[in-house]
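These are the residues of each chain, in order.
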Amino acid sequence: PRLSELRNSVKMAYDDASVVNRLNLIAHPMNEYLEVVETGSQTPWGNRKVKVSHYGPSDIRFRVGTVDWKRALGGTHSLVFFLSYHYALFSLMPLEGTNYPGFGMIDLPAEMSPTGSLNNPTRFILPFSELLAGSAFADCQLIVAGNGFDDDIACNKVFLSTIYD
């Protein structure tokens, strides 16, 4: 009897509307990020939004529209998806009851896309810079490694001249 009581209490905790609200704390900033970085470019998102659903204590799924994100996105857009996820995690940092430490490291590939609008790494990092400029994020740190950034980002920059293979 005790095990079934424990299972029922866990099930009730994950059926609670507060879980859905907490998942929206991830989905909403992801969609905000995607709207900013994908403006004016061809994207697989279109009018489809990222949705986060839960099916149990250890089963959380991300979808683009109604399709699982792994099937909906190719290589470059998967990278943009992951960046949106990290942006959402950073947005959690000042919220009560979240456990995000406010530290991140992003290593962008030398070329996001061989041609086109996805080949400007600044557009992918600028939303992070703007978010972290807020006073609530004073204790946060983001380290980004990449190539070809514009001077538009207000941050400490370290330029390395040696290329390591």
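Before going into details, it helps to say that this report is about the structure given with it. Not measured: the values here are computed from a predicted model. (Residues numbered from 1 in each chain as written. Predicted model: local features only at pLDDT ≥ 70, side-chain atom pairs only at ≥ 80, totals over all residues. Heavy atoms only, no water.)

### Overview of the pattern of salt bridges
The line we're drawing: The working definition used for a salt bridge is a side-chain nitrogen of Lys or Arg within 4 Å of a carboxyl oxygen of Asp or Glu. Secondary structure elements are defined from DSSP: runs of H or I of at least 4 residues count as helices, runs of E of at least 2 residues count as strands, and each element is numbered from the N terminus. Only protein chains enter the area calculation, which uses a 1.4 Å probe; residues under 20% of their type maximum are buried, those over 50% are exposed, and those in between are partly exposed.
Scanning the model with the defined rule gives one salt bridge in all. With a shortest N-O distance of 2.6 Å, E35 and K49 are connected by a salt bridge. With E35 in helix α2 (residues 17–37) and K49 in the loop between α2 and β1 (50–56), this residue pair connects regions lying 14 residues apart in the sequence. Looking at E35, the relative accessible area reads 47%, which means it is partly exposed. On the accessibility criterion, K49 (37% relative accessible area) is partly exposed.

### Section: the side chain of S78
The following threshold applies: Whenever two N or O atoms come within 3.5 Å, that pair is a polar contact, provided that in protein one can donate a hydrogen and the other can accept it, and provided that, for residues adjacent in sequence, both atoms are side-chain atoms. The contact rule is simple, with two residues in contact once any of their heavy atoms fall within 4.5 Å.
For S78, the location among the structural elements is in helix α4 (residues 75–92). When its relative accessible area of 13% is taken as the criterion, S78 is described as buried. Within the structure, S78 has its side chain in polar contact with the backbone oxygen of G74 (distance 2.7 Å). Setting aside anything within four residues of it in sequence, one finds S78 in contact with W69 and L73.

### Remarks on the packing of aromatic side chains
This is how it is decided: When two rings of Phe, Tyr or Trp (its six-membered ring) have centres within 6.5 Å they constitute a pair, described as stacked for plane angles under 30 degrees, edge-to-face for angles over 60, and tilted for the intermediate range.
Under the counting rule described, the total for this entry stands at 10 aromatic pairs. Considering the side-chain rings of F90 and Y100, the 5.4 Å spacing of their centres and the 75° angle between planes classify their relative orientation as edge-to-face. In this pair, F90 sits in helix α4 while Y100 sits in the loop between α4 and β4 (103–107), placing the two residues 10 residues apart along the sequence. Of the two residues examined, F90 and Y100, each falls in the buried class. Aromatic pair F90 and F128: ring centres 6.2 Å apart, planes at 85°, arrangement edge-to-face. Note that F90 is positioned in helix α4 and F128 in helix α5 (residues 121–132), a separation of 38 residues in sequence. Exposure class is identical for F90 and F128. Each is buried. Feature note: the residues Y33, Y87, F90, Y100 and F128 constitute an aromatic cluster, connected by ring pairs.

### Section: the pairing of β4
Put simply, the test is: At least two DSSP bridges between two strands are needed for those strands to be called paired.
Residues G104 and I106 line the buried face of β4, whereas the alternating positions F103, M105 and D107 sit on a face that is not buried. The pairing of β4 with strand β5 (residues 141–145) spans five bridges and is parallel. Along β5, the bridge assignment pairs F103 with Q141.

### Notes on the packing of α4 against α5
Under the convention used in this document: To get an axis, fit a line to the C-alpha atoms, keeping to the stretch in contact for a helix; angles then go from 0 to 180 degrees between the N-to-C directions. Working rule for angles: under 35 degrees goes down as roughly parallel, over 145 as roughly antiparallel, 65 to 115 as roughly perpendicular, anything else as oblique. Side-chain classes follow a simple rule in which Ala, Val, Leu, Ile, Met, Phe, Trp, Tyr, Cys and Pro form the nonpolar group, Asp, Glu, Lys and Arg form the charged group, and the remainder, Gly included, forms the polar group.
At a minimum axis separation of 11 Å, α4 and α5 run at an interaxial angle of 0°. Taken together, the axes of α4 and α5 lie roughly parallel to each other. Two secondary-structure elements touch here, α4 through V80, L83, H86, Y87, F90 and S91 and α5 through F124, P127, F128, L131 and L132. Taken together, the residues that form the contact of α4 with α5 break down as nine nonpolar, two polar and no charged.

### Here's the deal with the nonpolar core
Operational definition: Residues grouped as a nonpolar core are buried Ala, Val, Leu, Ile, Met, Phe, Trp, Tyr and Cys residues, joined through side-chain atoms within 4.5 Å.
I26, M30, Y33, F62, F81, F90 and F128 are the most contacted members of the largest nonpolar core, which totals 34 residues. Those elements that place two or more of their residues in this core are α2, β1, β2 (59–64), α3 (69–72), α4 and α5. No other element matches the eight residues that α4 contributes to this core.

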